[in-house]
Amino acid sequence: DSVFANIAKAPEDPILGVTVAYNKDSSPIKLNLGVGAYRTEEGKPLVLNVVRRAEQLLVNDPSRVKEYLPITGLADFNKLSAKLIFGADSPAIQENRVATVQCLSGTGSLRVGAEFLAKHYHQNSIYIPQPTWGNHPKVFTMAGLSPKYYRYYDPETRGLNFQGLLEDLSSAPSGAIVLLHACAHNPTGVDPTVEQWEQIRQLIRSKGLLPFFDSAYQGFASGSLDADAQSVRIFVADGGECLAAQSYAKNMGLYGERVGALSIVCRTADVASRVESQLKLVIRPMYSNPPIHGASIVATILKDRDMYNEWTIELKAMADRIISMRQQLFDALRDRGTPGDWSHIIKQIGMFTFTGLNTEQVAFMTKEYHIYMTSDGRISMAGLSSRTVPHLADAIHAAVT
Ligand SMILES: Cc1ncc(COP(=O)(O)O)c(CN[C@](O)(C(=O)O)[C@@H](O)C(=O)O)c1O
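Residues numbered from 1 in each chain as written. Predicted model: local features only at pLDDT ≥ 70, side-chain atom pairs only at ≥ 80, totals over all residues. Heavy atoms only, no water.

Tallying secondary structure elements over the protein chain gives 15 helices and 13 strands in all. Here the C-alpha radius of gyration of the protein chain, 21 Å, is about what a compact globule of 401 residues would show, namely 21 Å. Expressed as a percentage of the 401 residues in the protein chain, the buried residues total 53%. In the protein chain, 76% of the contacts between residues at least 6 apart in sequence involve partners at least 24 apart. Distance between charge centres in the protein chain, computed from 39 positive and 40 negative side chains, equals 4 Å. (Helix = DSSP H or I, 4+ residues; strand = E, 2+ residues; numbered from the N terminus. Rg over C-alpha atoms; globule rule 2.2 N^0.38 Å. Buried < 20%, exposed > 50% of the residue type's maximum accessible area, 1.4 Å probe, protein only. Contact = heavy atoms within 4.5 Å. Lys, Arg positive; Asp, Glu negative; His and termini not counted. Charge placed at Lys NZ, Arg CZ, Asp CG, Glu CD.)

Given below as structure tokens:
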């Protein structure tokens with residue numbers, strides 16, 4: 001018999017498993033509001049026009065080869081990615097204090113950063129928000145860090161539990177790592193205000209905590225790439241150190257290309273170059289070097305003024321469509337007289353609405369209305385269209401009455 005005979009059947013992933021269940025459902029009215037993947041008004045995946053243009057340029061470029069990239073990835077891509085998140089005028093970039101490596105999208109950037117910290121940083125506690133993206137604790141645990149939680153979401157107000165956040169970070173051991181969602185917190189859609197970010201920054205710096213930003217939605221929350229990077233930039237502006245994981249899955253629609261970057265902002269250029277040399281020792285035995293195609297698309301777009309501007313227009317259109325889905329769902333529930341206060345639907349930002357529906361109500365909506373969403377009550381607004389909002393509103397109405 002098999003040497004793997006004693007292996008147990010693993011459960012499906014809480015987020016990606018929703019798509020597995022959705023694909024199995026033959027109902028013509030099924031709706032996938034699980035994974036954070038953008039859909040157009042017609043309910044189709046979107047390849048940005050500027051991405052198609054960049055790919056055409058690449059395909060027609062005779063000088064393009066399929067050679068290995070360096071372990072750190074495509075140099076152009078790394079420089080341009082650092083500029084995108086830290087700002088073209090960032091002093092950290094001018095002073096060569098940023099080590100950036102191309103990684104496998106956001107997940108890969110988080111994992112490489114975590115493995116690096118587990119190996120080289122003196123603390124292995126990483127404080128993550130409660131709740132957070134379901135994959136965060138698994139990525140950090142697998143890398144050898146030990147996740148702890150800090151209070152973040154207040155179910156009563158459906159807003160930020162700012163006092164709880166400050167208390168938990170104040171009582172964290174000095175030097176602990178703190179994971180921060182740069183914008184569009186997943187799953188709650190609740191972000192600190194600019195003033196609250198400044199208070200968080202002061203606390204983190206005064207306690208010598210190490211900030212690790214996860215930026216998976218830059219430009220997707222507000223439609224502005226700069227606005228959505230402000231949280232990161234106030235930390236870099238104070239001259240302190242931080243890590244930042246970037247993903248181009250959502251804001252450039254490059255989901256399956258697995259394009260991302262990890263940047264570590266250091267105190268000096270000398271430290272940054274030593275940090276980069278150690279990052280290479282983490283990456284080489286993991287996947288050796290990253291894929292060339294997606295990073296070439298991003299670099300082509302970011303280095304050309306016209307293509308960059310075209311990208312920002314398409315990005316804003318995606319963000320605006322999601323915002324209009326919020327308003328339409330809110331209006332549809334109001335028109336139905338659905339019991340409860342649903343204003344959080346239009347207050348929250350980014351791809352997701354944390355509805356507050358419980359697991360039983362979610363199960364009911366899946367069974368009776370073929371609505372597929374995560375069991376924590378999160379819905380991806382990007383999966384909605386004007387045509388399907390009434391169906392979701394009917395399901396929510398039925399679930400709460
Ligand atoms: C906060 C956060 N960080 C990192 C990632 C990783 O993204 P990638 O590796 O593809 O760049 C996601 C994606 N999370 C999802 O949008 C989601 O929560 O549905 C989905 O893509 C996922 O993989 O779960 C995320 O929400």
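What follows concerns the pairing of strand β3 (residues 125–130). The buried fraction of β3 amounts to 5 of the 6 residues, a majority that puts the element mostly inside the structure. Between β3 and its parallel partner strand β4 (residues 146–151), the chain crosses via helix α6 (residues 136–142), and the hand of that crossover is right-handed. Where β3 meets strand β7 (residues 177–181), 2 bridges bridge the pair, whose relative direction is parallel. The residue bridging I126 from the neighbouring strand is I177, located in β7. (Right-handed = clockwise from strand over helix to strand, strands pointing away. Pairing = 2+ DSSP bridges.)

Considering every residue of the protein chain, the mean pLDDT works out to 97; 100% of them sit at 70 or more. Confidence estimates for the predicted assembly give a pTM of 0.97 and an ipTM of 0.98. (pLDDT = per-residue confidence, 0-100.)

On the secondary structure map, V65 appears in the loop between α2 (49–59) and α3 (75–86). Take V65: its relative accessible area is 48%, and that puts it in the partly exposed class. Between the C-alpha atoms of V65 and I292, which are 227 residues apart in sequence, the distance is 9.6 Å.

This part is about the packing of α3 against helix α11 (residues 292–302). Contact geometry for α3 and α11: axes closest at 9 Å, N-to-C directions at 60 degrees. Classified by the angle between their axes, α3 and α11 sit oblique to one another. As for how α3 packs across α11, the hand of that crossing is left-handed. Of α11, the residues touching α3 (which contributes D76, F77, L80, S81 and L84) are A295, V298, A299 and L302. (Axes fitted to C-alpha atoms, helices over the stretch in contact; angles between N-to-C directions. Parallel < 35°, antiparallel > 145°, perpendicular 65-115°, else oblique. Left-handed = near helix turned anticlockwise from the far one by under 90°.)

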